[in-house]
Structure formats: structure tokens, C-alpha cells
Amino acid sequence: MATKADLRNRALRRIAKLSEGQNPSAYEQQVTDQNIDQVQAYLEAEGIAYWETSDIPEGAMVGLIDCVASQIAKDFLEAERAAQYSGLWEVGLNRLRRFTATRGTERATRHRFF
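Since the model is a prediction, treat every value here as computed from it, not as a measurement.

Definitions and limits used
- Residues numbered from 1 in each chain as written.
- Predicted model: local features only at pLDDT ≥ 70, side-chain atom pairs only at ≥ 80, totals over all residues.
- Heavy atoms only, no water.
- Core = buried A, V, L, I, M, F, W, Y, C linked by side-chain atoms within 4.5 Å.
- Buried < 20%, exposed > 50% of the residue type's maximum accessible area, 1.4 Å probe, protein only.
- Helix = DSSP H or I, 4+ residues; strand = E, 2+ residues; numbered from the N terminus.
- Contact = heavy atoms within 4.5 Å.
- Phe/Tyr/Trp six-rings, centres within 6.5 Å; stacked < 30°, edge-to-face > 60°.

## With respect to the nonpolar core
Thinking step 1. With 31 residues, the main nonpolar core has Leu-7, Ile-15, Leu-43, Ile-56, Leu-64 and Leu-96 as its most contacted residues.
Thinking step 2. With ten residues, helix 3 (residues 58-76) is the single largest residue contributor to this core.
Thinking step 3. Setting aside its immediate chain neighbours within four residues, Leu-7 contacts Ile-36, Ile-56, Met-61, Leu-64, Ile-65 and Val-68.

Next comes the structure, spelled out in C-alpha cells:
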């Protein structure tokens, strides 16, 4: 299981704002954590997220990283570079939907992806 700090650091790495082994600044932590909370609230409202940000399943991390990276890119990158990450929201959301589609069942559950 991963934590909010893991998600924050991996999302910052995804947009090339943080190098491996480097720690984010207080500002980067604050902005990224606010975005993580907003993404989590959206996913909970949509019935996708069933986990706490202190106990994130590894299978959900890739989708969450994409969703969070798409949101923080506009805060940390110039507009042209940030636009390159805008499509990650849908990619991440689809990954999360697939990850949660079979939660609690022995077989796949039908979901609408549009």
C-alpha cells in the first residue's frame, strides 16, 4: 500500500518537476496535496475511490498518478508544457475504473466509460 506522500512524489516525478531521491519544497507539497485531496474527493463522489490517501492500493497508483499529474501540471509548468499532460486525466480515470470494476466480486462488473 502507498501513502499520500508516495503519490505526491510520483506525480511530481511524472511531470518532471522532481528528480529521484529529491524532496519536494513546502510549496510543491502544499499545492500537490491540495490537488490530491480534490482528486480523491471527486473519485469518492463518483464511487471509484474506496481507499484512504494514507492506504492507497498499489493497483490504483498508476491511475492516480496520471490524474494528479494532469492537475498539478498547470500549477508548476508553463502553459505549453502543461497542455501536454492534460490528456492524462482521462487515461488515469479509465485505469482507475478498470481497477475498481471487479472489486468485491468474483467476476467483472459492467461499467459505462463515457
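## Section: unusual backbone geometry
Thinking step 1. Unusually for a residue other than glycine, Ala-16 sits at a positive phi of about 60 degrees.
Thinking step 2. Of note, Ala-16 is situated in the loop between helix 1 (4-14) and helix 2 (26-45).
Thinking step 3. The exposed category is assigned to Ala-16, whose relative accessible area is 58%.

## Some details on the packing of aromatic side chains
Thinking step 1. Here the structure, examined in full by the defined rule, presents four aromatic pairs.
Thinking step 2. Of the aromatic side chains, those joined through ring pairs into one cluster are Tyr-50, Trp-51 and Phe-99.

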